Amino acid sequence: MAGCKNCCGCDHSSKTARVPSLLDITVVEGIFRSAVSNMVDRERLVASGEMTDDAFEEAKAKLVRWLVAAFRGENPYYAADSEWHGNLMAEYLANEMDYHGHTDIQVLTLACERFANHTSELAHDIVSRGLTVDDPTAAHVVMNFCGAWAALFTGAPSGED
């Protein structure tokens, strides 16, 4: 009811706007799917001559900076966990990706760079095959790719031994 000041005894807490959590694997998968889709679009522009290799690399570097900021809790549109995104994620990534001996920010940056590089390789493969991310073959690969990276960045078991 408009103008309700909770005098009616109603619980309106479910209507509180919440930002997506970076602990939610589906949220992180979505971020990574968007990154893949954008990278495929850019790769297609490079292939057609509408984008230079330098512009492509700058866009990839911008993605890395955006991911680092988001996973450090610096993006107000996503909720970060103070413990996980504070230092536990970096410790986990250092162990999983063999980035020992680096600071937390270096580990996160290296992990995001690796993601961006692998995404670039996947985008190149999709474009060179004349596919789109919606093509059933590519969609399956993209889904598995994003799922594996999301599992890594959320600390979820990947199902691989």
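Before any of the text, the structure's been laid out above.
What you are looking at is a predicted structure, and each value in this text was computed from that prediction instead of being measured.

A.B. asks: Give a detailed account of the packing of helix α4 (residues 104-128) against helix α5 (residues 136-154), specifying residues and quantitative values.
C.D. replies: Relative orientation of the contacting elements α4 and α5 amounts to 175 degrees, with a least axis distance of 12 Å. Looking at the two axes, α4 sits roughly antiparallel to α5. Taking contact as the criterion, the partners of Leu108, Ala111, Cys112, Arg114, Phe115, His118, Thr119, Leu122 and Ile126 in α4 are, on α5, Ala138, Val141, Val142, Phe145, Trp149 and Phe153. Grouping the constituent residues of the contact of α4 with α5 by class yields 12 nonpolar, 2 polar and 1 charged.

A.B. asks: Outline the pattern of salt bridges, supporting the account with residue identities and numerical values.
C.D. replies: Any two side chains of opposite charge can pair, on the condition that their charged atoms come close. For the structure shown, the criterion picks out 5 salt bridges. A salt bridge links Glu57 to Lys60, with the shortest nitrogen-to-oxygen separation between them at 3.4 Å. Remark: Lys60 and Glu57 occur in helix α2 (residues 53-71); sequence separation between them is 3 residues, near one turn of the helix. On the accessibility criterion, Glu57 (40% relative accessible area) is partly exposed. The partner of Asp125 in a salt bridge is Arg129, and the shortest N-O contact between them spans 3.4 Å. The exposure class assigned to Arg129 is exposed, which follows from its relative accessible area of 55%.

A.B. asks: Can you tell me about the packing of aromatic side chains, naming the residues and giving the values?
C.D. replies: The description of two aromatic rings rests on the distance between their centres and on the angle between their planes. Evaluation of the coordinates by the stated rule reveals 10 aromatic pairs. Taking 6.3 Å as the distance between ring centres and 45 degrees as the angle between the ring planes, the aromatic pair formed by Phe32 and Phe71 counts as tilted. With Phe32 in helix α1 (residues 25-48) and Phe71 in helix α2, this residue pair connects regions lying 39 residues apart in the sequence. The class for Phe32 is buried, based on a relative accessible area of 0%. Where Phe32 meets Phe153, the ring centres are 5.3 Å apart and the plane angle is 85 degrees; that geometry is what we call edge-to-face. Of the two residues, Phe32 sits in helix α1 while Phe153 sits in helix α5, which places them 121 residues apart along the sequence. By the ring-pair criterion, three or more aromatic residues cluster together here, those being Phe32, Phe71, Phe115, Phe145, Trp149 and Phe153.

What counts, and where the lines are drawn
Residues numbered from 1 in each chain as written. Predicted model: local features only at pLDDT ≥ 70, side-chain atom pairs only at ≥ 80, totals over all residues. Heavy atoms only, no water. Axes fitted to C-alpha atoms, helices over the stretch in contact; angles between N-to-C directions. Helix = DSSP H or I, 4+ residues; strand = E, 2+ residues; numbered from the N terminus. Parallel < 35°, antiparallel > 145°, perpendicular 65-115°, else oblique. Contact = heavy atoms within 4.5 Å. Nonpolar A, V, L, I, M, F, W, Y, C, P; charged D, E, K, R; others polar. Salt bridge = Lys/Arg side-chain N within 4 Å of Asp/Glu carboxyl O. Buried < 20%, exposed > 50% of the residue type's maximum accessible area, 1.4 Å probe, protein only. Phe/Tyr/Trp six-rings, centres within 6.5 Å; stacked < 30°, edge-to-face > 60°.

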